[in-house]
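# Remarks on the overall topology
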Amino acid sequence: MSAIVDETHDPHLQSWVASANDPDTHFPIQNLPFGRFRRDAAGPWRIGTAIGDQVLDLERAGLIAGRDVTQLMQAPVPQRRALRAAISRALAVGAASQERTQAALLPQSAVQMGLPCEIGGYTDFYAGIHHARAVGALLRPDTPLLPNYKWLPIAYHGRASSIDVSPSTFRRPWGQQRGPDENAPPGFKPTARLDYELELGWLVGCGNARGDPVPMAQAEDHLFGVVLFNDWSARDIQGWEYQPLGPFLGKSFASTISPWIVTLEALAPFRVAPVRPESDPQPLPYLDSPFNRSAGAVDIALEVRLQTAAMRAAGNTGDVMSASNATDSYWTPAQLLTHHASNGCNLRTGDLLGTGTLSGARPDQAGSLLELSAGGKQRIVLSNGEARSFLEDGDCVILRGVCARDGYRRIGLGECRGTVESAVP
Ligand code: MN
């Protein structure tokens, strides 16, 4: 059980790394996320913890043996909690071995971050109910949610090979798009409806054997932590190809995740009851548990910023396009994992479970341009006078996530940044 608040969450705990005590940092000593970094392109990836504006090399600090992140992620929960406690003690004011730990610190600005783990499989859910309802309403005004929506977490299998780590760039994809009328052939050209999707990605810790479903009571023991996730989408390619089997090339050209995995342990103080109106069908028994009803969701405030090339040139950090919360998911992380494994499918360490676009209930809280522009029909005017229905070349999208609760130290997920480059000519 990883949702336990212990001495590592003590809000009064301070680090001897001064920047970790900055009230605005995403990485105080109460967070301790894991990532992979290297000092130069030729060096090996090493496992680190973000602390303030520094990264702690865990092997050099003597806190782990080796550089195998899979081994670290698949460790049983008691071992994970013990490592977290040891890192916390090493970084806390008054630590016994401060000299050795200090020698293992590097400024984050001096390292390159890699993907935090090998992502062998990637599944994207559709758990953001406000997004599902808003997009469904564009297609089917009378029945925005299909009859299965409140019974099971809808998903498709995504493409793991094109997941990249922030800060990332990718070229505007080419693809087949519907012709101007029913009799016209489709075109093959760069997408004109490129979009972002504000999501979270849950990473699997310990996997399950093929044929062995994971009961809800154990689901969280199989989750390692969470990253920000941008599921870039080409709406015109998607709109032409998605029936009858679902998204394909409209999604698989690029996805971006944030570099630091915030662990289930770090999220323990921010657990809340999932929102499910009593008039809705209650989950089938295999997707239900007492813990899930009381604290299965996580309160993570989310935000999307858009920085155009013109804004960047002017030193402008970008406009906030919308804000929502991880609690806008209809299904909890445990339900995503348990449902995924319910047919005996084996999940493996490092598999990524995308939540689906997390839009808030209000239209201005939408986590994609598809919703904000009402299917491309409206232009969104930006603070510098530019306007967008979809992304243009040079646009940079920045996702952020923060957990805050009275009585606890605020922690963050860092940021997930991706920039659109022009299409291959
Ligand atoms: Mn998605």
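All residue numbers refer to positions counted from 1 along the written sequence of the respective chain. The model is predicted, so local features are restricted to residues of pLDDT at least 70 and side-chain atom pairs to those at 80 or more, both for listing and for counting; the totals for chains, interfaces and linings are taken over all residues. Side-chain calculation: all heavy atoms of the structure are included, whereas hydrogens and water are not.

### Considering the side chain of Gln 365
- You can see Gln 365 is positioned in the loop between strand E22 (352-354) and helix H10 (369-372).
- At a separation of 3.0 Å, a polar atom in the side chain of Gln 365 contacts the main-chain amide nitrogen of Ala 361.
- Here, residues are in contact when the closest pair of their heavy atoms is within 4.5 Å. Sequence-distant contacts of Gln 365, that is, excluding residues within four places in its chain, are made with Ser 322, Ala 323, Ser 324, Ser 359 and Gly 360. The helix count covers DSSP runs of H or I at least four residues long, the strand count covers runs of E at least two residues long, and both are numbered beginning at the N terminus. We define a polar contact as two N or O atoms separated by no more than 3.5 Å, with the added condition that, inside protein, one atom must be a possible hydrogen donor and the other a possible acceptor, whereas residues neighbouring each other in sequence contribute only through side-chain atom pairs.

### A short note on the packing of aromatic side chains
- Any two of the Phe, Tyr and Trp rings considered here, Trp counted by its six-membered ring, make a pair once their centres fall within 6.5 Å; the pair's planes then place it as stacked at under 30 degrees, edge-to-face at over 60, or tilted in between. Following the criterion strictly, the structure yields 10 aromatic pairs and no others.
- Residues Phe 170 and Trp 232 carry aromatic rings whose centres are separated by 4.7 Å and whose planes lie at 55° to one another, so their mutual orientation is tilted. Separated by 62 residues along the polypeptide, Phe 170 in strand E9 (residues 168-171) and Trp 232 in the loop between strand E14 (223-230) and strand E15 (233-234) bring together distant segments of the chain. Both residues of the pair, Phe 170 and Trp 232, count as buried.
- Centre to centre, the rings of Trp 174 and Phe 188 are 5.7 Å apart; their planes meet at 35°, and the pair counts as tilted. Taken together, the positions of Trp 174 in strand E10 (residues 174-177) and Phe 188 in strand E11 (residues 187-190) put the pair 14 residues apart, joining distant regions of the chain.
- Trp 174 gets classed as partly exposed once you look at its relative accessible area, which sits at 36%.
- A connected cluster of aromatic rings, assembled from ring pairs, spans Tyr 126, Tyr 149, Tyr 330 and Trp 331.
- Throughout this description, the term charge over a ring refers to an Arg CZ or Lys NZ atom that lies within 6 Å of the ring centre and within 35 degrees of the ring normal. Over the ring of Trp 331 we find Arg 276; its NZ or CZ atom is 4.6 Å from the centre of that ring. Exposure is judged per residue with a 1.4 Å probe applied to protein chains only, and the accessible area is read against the type maximum: over 50% gives exposed, under 20% gives buried, and values in between give partly exposed.

### Side note on the sheet that holds E9
- At least two bridges found by DSSP between two strands is the condition for calling them paired. Read from one edge of the open sheet, 5 strands run E9-E26-E25-E20-E21, paired in mixed fashion. Looking at which strands have only one partner, the edges of the open sheet turn out to be E9 and strand E21 (319-325). Shown here is a sheet whose adjacent strand axes are inclined to one another by a mean of 20°, direction ignored.
- Summarising the sheet, strand E20 (residues 301-307) and strand E25 (residues 396-403) pair through 7 bridges and their orientation is antiparallel. Helix axes use the C-alpha atoms of the stretch in contact, all axes being lines fitted to C-alpha atoms, and the angles between their N-to-C directions lie in the range 0 to 180 degrees.

### Regarding the domain arrangement of the protein
- In terms of domain boundaries, the protein breaks down into domain 1 (7-113) and domain 2 (122-421).
- Averaged C-alpha coordinates put domain 1 and domain 2 at centres separated by 28 Å.
- Listed by partner, the interface residues are 30 residues for domain 1 and 31 residues for domain 2.
- Accessible area that two parts lose when put together, evaluated with a 1.4 Å probe and summed over both, is termed the buried area. For the pair domain 1 and domain 2, the two sides together bury roughly 2,400 Å², of which 63% comes from carbon and sulfur.
- Looking only at domain 1, the three residues that lose the most surface to domain 2 are His 26, Met 73 and Arg 80, adding up to 29% of its buried area.
- For salt bridges, the criterion is a side-chain nitrogen of Lys or Arg within 4 Å of an Asp or Glu carboxyl oxygen. The interface formed by domain 1 and domain 2 includes 1 salt bridge.
- As a salt-bridge pair, Glu 265 and Arg 80 come within 3.1 Å of each other at their nearest N and O atoms.
- Linking domain 1 with domain 2 are 11 residue pairs in polar contact (both at pLDDT 80 or more). Domain start and stop points were drawn from an automatic or database domain assignment.

### Considerations on the coordination of the manganese ion
- Only Asp 124 (OD), Glu 197 (OE), Glu 199 (OE) and Asp 231 (OD) from the protein reach the manganese ion as donors, at distances of 2.1 to 2.2 Å.
- For Na, K and Ca the donor cutoff is 3.2 Å, while for all other metals N, O and S atoms must lie within 2.8 Å; water is not among the atoms, so some sites may look incomplete. Sequence spacing of the donor residues for the manganese ion, all on one chain, is D-x72-E-x1-E-x31-D. Taken together, the positions of Asp 124 in strand E6 (residues 122-125) and Glu 199 in strand E13 (residues 198-204) put the pair 75 residues apart, joining distant regions of the chain.
- Relative accessible area serves as the criterion here: at 2%, Asp 124 is assigned to the buried category.

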